[in-house]
Amino acid sequence: MRRWRAENSLLRFLSMSVTHLIESPTKADGAELWRIARDSAKLDLNSPYAYMLWCRDFAETSVVAREDGRAVGFVIAYRRPGEPEAALVWQVAVDASQRGKGLAGALLDALYTRLTAQGVRYLETTITPDNEASIRLFTSFAKRWNATVETSVLFGGDEFPEAGHLAEELYRIGPLSVRKDPGE
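Residues numbered from 1 in each chain as written. Predicted model: local features only at pLDDT ≥ 70, side-chain atom pairs only at ≥ 80, totals over all residues. Heavy atoms only, no water.

Draft legend 1. Broad picture of the packing of aromatic side chains. Tallied over the entire structure, the rule returns eight aromatic pairs. The interplanar angle of 40° and the centroid separation of 4.8 Å between the aromatic rings of Trp54 and Phe58 together place this pair among those described as tilted. Look at Phe58 and you get partly exposed, because its relative accessible area is 34%. Residues Phe155 and Phe160 carry aromatic rings whose centres are separated by 6.3 Å and whose planes lie at 75° to one another, so their mutual orientation is edge-to-face. Joined through ring pairs, the aromatic side chains of Trp54, Phe58, Tyr78 and Trp90 make up one cluster. Its guanidinium or amino end placed over the ring of Tyr122, Arg172 lies 3.9 Å from that ring's centre, counting from NZ or CZ. (Phe/Tyr/Trp six-rings, centres within 6.5 Å; stacked < 30°, edge-to-face > 60°. Buried < 20%, exposed > 50% of the residue type's maximum accessible area, 1.4 Å probe, protein only. Lys NZ or Arg CZ within 6 Å of the ring centre and 35° of its normal.)

Written out as structure tokens, the structure reads:
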């Protein structure tokens with residue numbers, strides 16, 4: 001069971017006797033988010049500059065987890081301009097030292113608790129068919145939120161400029177309802 005404690009509009013996720021502070025990232029977090037993404041060896045790595053811009057321009061639709069002041073996980077997302085009721089999760093990553101503690105799910109729950117209060121009703125993300133960990137993460141999110149999951153191919157593998165890229169399947173989860181407590 002997840003335990004949450006609200007403190008000064010910040011969320012603390014308590015798991016396995018470790019406390020993580022979950023909050024919006026700042027511009028200064030960009031380099032650490034890049035490091036976490038790079039070290040995951042699973043994500044498509046963007047430039048360090050992109051992560052720094054993301055932390056500046058999309059901080060309200062993203063979250064970072066901290067342990068002892070150090071970034072140890074993140075979710076970066078954005079509201080779709082043509083559909084403001086949907087927010088697309090671009091990347092989720094957790095530092096190797098923090099894996100297996102439920103932190104990725106806690107980050108998603110904290111972010112979408114905030115976003116649903118602002119009118120977001122759908123989580124969207126893309127996942128390649130071979131990424132079983134991400135498929136489990138997002139289907140588990142849908143179960144916790146009592147929401148349906150619809151999948152379709154957003155970009156076929158042949159649409160990418162490099163050979164061998166797998167299709168990116170769109171996962172659309174919702175409708176999502178406002179929650180008072182991310183642990184509900």
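Draft legend 2. Quick look at the side chain of Thr128. Here Thr128 shows up in the loop between β7 (122-127) and α4 (132-144). Assessed through its relative accessible area of 15%, Thr128 is described here as buried. For Thr128, the side chain forms a polar contact with the side chain of Asp130, separated by 2.7 Å. Setting aside residues no more than four positions away along its own chain, Thr128 makes contact with Ile135, His165, Leu166, Ala167 and Glu168. (Helix = DSSP H or I, 4+ residues; strand = E, 2+ residues; numbered from the N terminus. Polar contact = N/O pair within 3.5 Å; in protein donor to acceptor, adjacent residues only side chain to side chain. Contact = heavy atoms within 4.5 Å.)

Draft legend 3. Region of interest: the packing of helix α1 (residues 30-40) against helix α2 (residues 48-57). Two numbers describe how α1 lies on α2: the axes approach to 8 Å, and their chain directions differ by 125°. As far as their axial angle goes, α2 and α1 are oblique. Crossing of α1 over α2 shows right-handed handedness. Only Pro48, Tyr51, Met52 and Cys55 of α2 make contact with α1, whose side of the interface consists of Gly30, Ala31, Leu33, Trp34 and Ala37. Classifying every residue of the contact of α1 with α2 by side-chain character gives eight nonpolar, one polar and no charged. (Axes fitted to C-alpha atoms, helices over the stretch in contact; angles between N-to-C directions. Parallel < 35°, antiparallel > 145°, perpendicular 65-115°, else oblique. Left-handed = near helix turned anticlockwise from the far one by under 90°. Nonpolar A, V, L, I, M, F, W, Y, C, P; charged D, E, K, R; others polar.)

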